[in-house]
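One letter stands for each residue in the lines below.
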Amino acid sequence: MLTDLSPDQLATYRSTQTAPAGFDDFWAETLAEAAEHDIEVRLSEVPTGLRTISTYDVTFRGYAGQDVRAWLRVPAHTTGPLPTVVQYVGYGGGRGHALQNLLWASAGFAHLQMDTRGQGAGWSLGVTPDQAPSSPQVPGVMTRGILDPATYYYRRMFTDAVRAVDAARSLDVVDNSRVAVLGGSQGGGNAIAVAGLRSDLAAAVAFVPFLCDFPRALAVTESYPYKEIIDYLMVHRTEVEPAHRTLQFFDGVNFASRATAPALFSAALRDTVCPPSTVYGAFHEYGGEKEIEVWPYNGHEGGGILDEERALAFLRGRLG
């Protein structure tokens, strides 16, 4: 059944989230610190047995110059430069196996799929550690360092995500004028964040995005991963204010209002993991040209392969 706002209410819903003082300075300083480290992209071709796609194991410097892994997949024997998709992964997952996720390279794009630091044991493989001091947290990453924006987990991940675009742009096979970011759930939240932090993207795609409209999400869902924050604050009762202040610096609503690249969103009306009102909270604030696909009878799976089919058409139109 529908557990969130009706379609008519979603059309007019606006998030109560606000950008904190110092939001832009915080991110400018964070990315400037990362840029002090050379991107240092290292490639090693992986023998997969495929005849139509060449795959490379990639390492680049992300947050604080720390190594982040990725896969690069390109059409075999290509000379480039190619339109490029930089993809981010959903919560708990990593970059997966070299033989997975072949759509984008099969369609003629260069495809850089970023690994997810400290994740990759939930449903797909990951190999990138999260190098950060420990602190009390609920299992998962949603409350890791949550009492200070400087120590919060997503500061590191979003910085990695921005640097993944830099890594792609350093490659001869990539057309720097035709780079898009894409992801679903947590990956969609990453895509929105990167779109808000960069002005040089050709497009952004966010399927049923996570990490959007924290005030609404924490009020209307009992599903994980948002519930990690609820569980934490049930115990750390005096830390509600600093936790919510930190989340303001990482909310897709605030990144969306700063984004300019054309964007495709999707939302599912029976999604209890990323309730549709949270998606619309970011969508309505999105600063660039935008469109949204809505799946009235689906949960967090959204449109599944139809989301990807729609994204392929969207990116063909934007990137060629």
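Note: the structure precedes this text.
Residues numbered from 1 in each chain as written. Predicted model: local features only at pLDDT ≥ 70, side-chain atom pairs only at ≥ 80, totals over all residues. Heavy atoms only, no water.

**Some remarks on the packing of aromatic side chains**
Selection criterion: A pair of Phe, Tyr and Trp rings is counted when the ring centres sit within 6.5 Å of each other, with Trp represented by its six-membered ring. The angle between the planes then sorts it: under 30 degrees is stacked, over 60 is edge-to-face, the rest tilted. Comment: elements are numbered from the N terminus, with helices defined as DSSP H or I runs of at least four residues and strands as E runs of at least two. Only protein chains enter the accessibility calculation, which uses a 1.4 Å probe; a residue is then buried when its area is under 20% of its type maximum, exposed when over 50%, and partly exposed in between.
This structure, assessed with the given rule, holds 21 aromatic pairs. The interplanar angle of 15° and the centroid separation of 6.3 Å between the aromatic rings of Phe23 and Phe249 together place this pair among those described as stacked. Taken together, the residues span a long stretch of sequence, with Phe23 in helix α2 (residues 23-35) and Phe249 in the loop between α8 (240-248) and α9 (252-256) at a distance of 226 residues. Each member of the pair Phe23 and Phe249 is classed as buried.

**Comments concerning the sheet that holds strand β9 (residues 290-295)**
Here is the rule we go by: Whether two strands pair comes down to DSSP finding at least two bridges between them. In this analysis an axis means a line fitted to C-alpha atoms, helices contributing only their contacting stretch, and an angle means the value between N-to-C directions, from 0 to 180 degrees. Contacts are assigned to residue pairs that have any heavy atoms within 4.5 Å of one another.
Pairing in this open sheet of 9 strands is mixed, and the strands run β1-β2-β3-β5-β4-β6-β7-β8-β9 from one edge to the other. Of all the strands in the sheet, just β1 (42-46) and β9 have a single pairing partner and so form its edges. Pairwise comparison of adjacent strand axes, ignoring direction, gives a mean angle of 20° for this sheet. Sheet topology note: the strand β2 (residues 53-61)/strand β3 (residues 67-75) ladder contains 9 bridges and is antiparallel. Among the inter-strand pairings, Ser54 is bridged to a residue of β3, identified as Val74. Its contacts with the sheet place helix α4 (residues 153-169) against β2, β3, β4 (82-88), β5 (110-114) and β6 (174-184), and it is angled at close to 160° to β4. On top of the sheet, helix α10 (residues 276-285) reaches β8 (263-268) and β9; it is set at about 165° to β9, its chief contact.

**Re the side chain of Asp57**
Threshold: Identification of polar contacts relies on pairs of N or O atoms within 3.5 Å, with a donor-acceptor requirement for protein atoms, meaning one able to donate a hydrogen and the other able to accept it, and with residues adjacent in sequence counted only if both atoms are side-chain atoms.
For Asp57, the position within the fold is in strand β2. At a separation of 2.8 Å, a polar atom in the side chain of Asp57 contacts the side chain of Arg69. For Asp57, the contacting residues outside a window of four places in its chain are Arg42, Leu43, Ser44, Val46, Arg69, Ala70, Trp71 and Arg95.

**Quick look at the pairing of β5**
The buried count for β5 comes to 5 of 5 residues, which makes it a mostly enclosed element. Bridge count between β3 and β5: 4 bridges; the pairing is antiparallel. When the sheet's bridge partners are listed, Leu72 is paired in β5 with Leu112. Bridge count for β4 against β5 is 4 bridges, and the pairing is parallel.

**As for the nonpolar core**
Where we set the bar: Here, nonpolar core refers to any group of buried Ala, Val, Leu, Ile, Met, Phe, Trp, Tyr and Cys residues whose side-chain atoms link them within 4.5 Å.
Val86, Tyr88, Met142, Tyr154, Val181, Phe265 and Tyr286 are the most contacted members of the largest nonpolar core, which totals 80 residues. A per-element tally of this core places α4 first, with 10 residues. Among residues more than four places away in sequence, those in contact with Tyr88 are Met114, Ala161, Ala164, Val165, Val181, Leu182, Gly183, Gly184, Gly187, Asn190, Ala191 and Val194. Formed by 18 residues, the second largest nonpolar core is a distinct cluster that contains Leu182, Ala203, Trp295 and Ala311.

**As for the layout of surface pockets**
In this approach a probe as big as a water molecule rolls over the atoms, and the regions it shows empty are the leftover space. Put simply, the rule reads: Here a cavity is any set of points on a 1 Å grid over the protein atoms alone where a 1.4 Å probe fits but cannot get out, and a pocket is any open set with protein on both sides within 12 Å along at least 5 of 7 lines; a residue lines the site when it has an atom within 4 Å of a point. Grid points are joined across faces, edges and corners, and a volume is the space filled by probe spheres set on the points. Side-chain classes follow a simple rule in which Ala, Val, Leu, Ile, Met, Phe, Trp, Tyr, Cys and Pro form the nonpolar group, Asp, Glu, Lys and Arg form the charged group, and the remainder, Gly included, forms the polar group.
Taken as a whole, the largest pocket spans an internal volume of roughly 580 Å³. Together, 28 residues line the largest pocket, and Gln87, Gly90, Trp123, Gly184 and Glu308 are the ones closest to its centre. Residue contributions to the lining of the largest pocket peak at 3 residues, all from β6. Among the residues making up the lining of the largest pocket, the classes are represented as 10 nonpolar, 14 polar and 4 charged. Estimates place the volume of the second largest pocket at around 150 Å³. Every residue lining the second largest pocket is listed: Tyr63, Gln131, Ala132, Pro133, Ser134, Ser135, Arg144, Gly145, Ala150, Thr151 and Arg156.

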